[in-house]
Amino acid sequence: MIKRLLAAACVAVTAAFATVGAEADELVIGARADPAIDPHFQWLTTNVAYSQHIFDPLVKKDANAQWVPGLAVEWKPIDDLTWEMSLRKGVKFHDGTPFTADDVIFSFDRLSNVPNNPNPYGANVRSVKNLEKIDDHTIRIHTTQTDPLMLGPLSNIFIVSKKAAENATTDDFRKGTAAIGTGPYKFVEYTPGAELVLERNENYWGEVEPWSEVTFKIIPNDQARVAALLSGDIDVIDFPPPTEVKAIENHADTLVFKRPSDRVIYLIPDVGREDSPFVTGKDGSKIRNPMMDRRVRLAMSLALNRDAIVSRVMDGLAEKANQFVPKGFIGFNPELPELEYDPEKARALLAEAGYPDGFGLTIHCSNNRYVNDAKLCEVVGQMLTRIGLDMKVETMPKNVFFPKIATYKKVHFSFILVGWGNASTGTAGPFLTSIFHTPDRERRMGHGNRAHFHDPSYDEMTEAAVRELDPDLREKKMQNAMAYIVDKMIGIPLHTQFVVIGTRKGLVATPRVDETTTAMSIRRQD
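Residues numbered from 1 in each chain as written. Predicted model: local features only at pLDDT ≥ 70, side-chain atom pairs only at ≥ 80, totals over all residues. Heavy atoms only, no water.

Per the counting criterion, the structure on display carries 18 aromatic pairs. Relative to W420, the ring of W43 lies with its centre 6.1 Å away and its plane at 75°, an arrangement referred to as edge-to-face. One end of the pair, W43, is in the loop between strand 2 (26-31) and helix 1 (45-54); the other, W420, is in strand 20 (residues 415-421), and 377 residues separate them in sequence. There is no split in this pair, since W43 and W420 are both buried. For the ring pair F431 and F436, a centre distance of 5.5 Å and an interplane angle of 80° mean the geometry is edge-to-face. Note on F436: relative accessible area 0%, which makes it buried. The lysine or arginine in question, R174, covers the ring of F41, its NZ or CZ lying 5.6 Å from the ring centre. (Phe/Tyr/Trp six-rings, centres within 6.5 Å; stacked < 30°, edge-to-face > 60°. Helix = DSSP H or I, 4+ residues; strand = E, 2+ residues; numbered from the N terminus. Buried < 20%, exposed > 50% of the residue type's maximum accessible area, 1.4 Å probe, protein only. Lys NZ or Arg CZ within 6 Å of the ring centre and 35° of its normal.)

This part takes up the state of the cysteines. A complete count under the given rule lists 1 disulfide for this structure. A disulfide bridge connects C365 with C377, and the sulfur atoms are separated by 1.3 Å. Around the S-S axis, the bridge from C365 to C377 shows a dihedral of about -90° and counts as left-handed. Residue C365 is located in strand 18 (residues 360-366), and its partner C377 is located in helix 10 (residues 373-385); the two are separated by 12 residues in the primary sequence. For C377, a relative accessible area of 0% corresponds to the buried category. (Disulfide = S-S within 2.5 Å.)

Direction vectors running N to C along helix 7 (residues 294-302) and helix 9 (residues 343-352) enclose 160°, while the axes themselves pass 8 Å from each other. Judged by the inter-axis angle, helix 7 sits roughly antiparallel to helix 9. Helix 7 and helix 9 meet at a crossing whose hand is left-handed. Mapping the contact onto sequence places R295, V296, L298, A299 and L302 in helix 7 and P343, K345, A346, L349, L350 and E352 in helix 9. For the contact of helix 7 with helix 9, the class distribution of residues is 8 nonpolar, no polar and 3 charged. (Axes fitted to C-alpha atoms, helices over the stretch in contact; angles between N-to-C directions. Parallel < 35°, antiparallel > 145°, perpendicular 65-115°, else oblique. Left-handed = near helix turned anticlockwise from the far one by under 90°. Contact = heavy atoms within 4.5 Å. Nonpolar A, V, L, I, M, F, W, Y, C, P; charged D, E, K, R; others polar.)

Take a look at the structure:
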């Protein structure tokens, strides 16, 4: 499924482990962001990582994004529109109540109906029509269309206790009253902006965890998180800024583990609105949105020096991207050329499009979601300034940024930096149908279409690709859709980022391609 990833090796950069082991059975992880706790609220990788501790999905993914049994032990297609799943028997929720098919059906019904949800999980079950209970440990999932990739996204759907969560709000999960799962850890306490404390589930159906207590210390500031690791105040951090990785590697008491991730970082211009809110003439006046013209978007791509971004901004902890899935994923098109860096050609294209003096544009980004996201935005702004655009850069915390680009409400910005992880299916399918497909809430398509792109030909092309049963033909169709969207330059790829985990000596981390860092991926050195 993910060709390259099966062979990918996690690299421990420091040469040798110290003999000092982690004797205590408590683990403290420095976390970048607060958790949602509610596993159906705000679909983000960080929230998925937190949820894996308290809750289980039907289908899990291993570190290389291969599907493995979770609360479902077997699955098989009954016909083109029906999957039958056998559920794990003998599993109990943290409150002692038994896990049954009723909890699965309740969870699937709930995930699309959480109020004020800025990024619903519904896109993971876009083809699901309904669930049917056969008995307490057998369900059938009926789909609206043939969906050979359905199992992968199920790893993002966590099963909650119907008894605990029925009529519960997201706030009830944060208080812990509804945070009742079947996962390897139990909820103990959550203090917003400070910490989340979990305790080991001694009755877990899988391997019982070695850590009796896990504390996530919320430390959004990257430098502060690194300092806490180096000083020994915490045991683990992920995503240290690239400039700090050497310091962790060279420190006598810490280690670094890293690998390429599944996430491509890219830019999205507003290509659909004539009156885009953060586009102006050079004099500040309102103008028709120039980014509706492909030549302008291509000029913007030509202005970006991706080699410099990888080497200087990411300190080598990234790979250049020329499309929206990394090499090795199904749908990666090997025939697409590298994206050029040619500022002179960019200026010529702007002039040809009628903007010889450029125009005014603001780029908006998060400053605590992706590796070096704020710095990336500043550099992109500087590079675009060199071809004549008057650039402004505005960054903000992700909890402010993402609600402002919620597609089903209103996209407040004109030009943004975002990223997409591809590990859920190991293919380009979810990206192609989520990011550039025409928004269709009922069919759960296009939930991430922040470009305001509408192209029925593209919609038809991507839908045919994800429905295709023949694996070879499916890959070819995805590659064709990838070539189509890259040629139109609806999004502008930048790079694939790396997963980097720092630990104190005596611990071993297994970086996951899906960027989820969990206590379950940290073990003592033998």
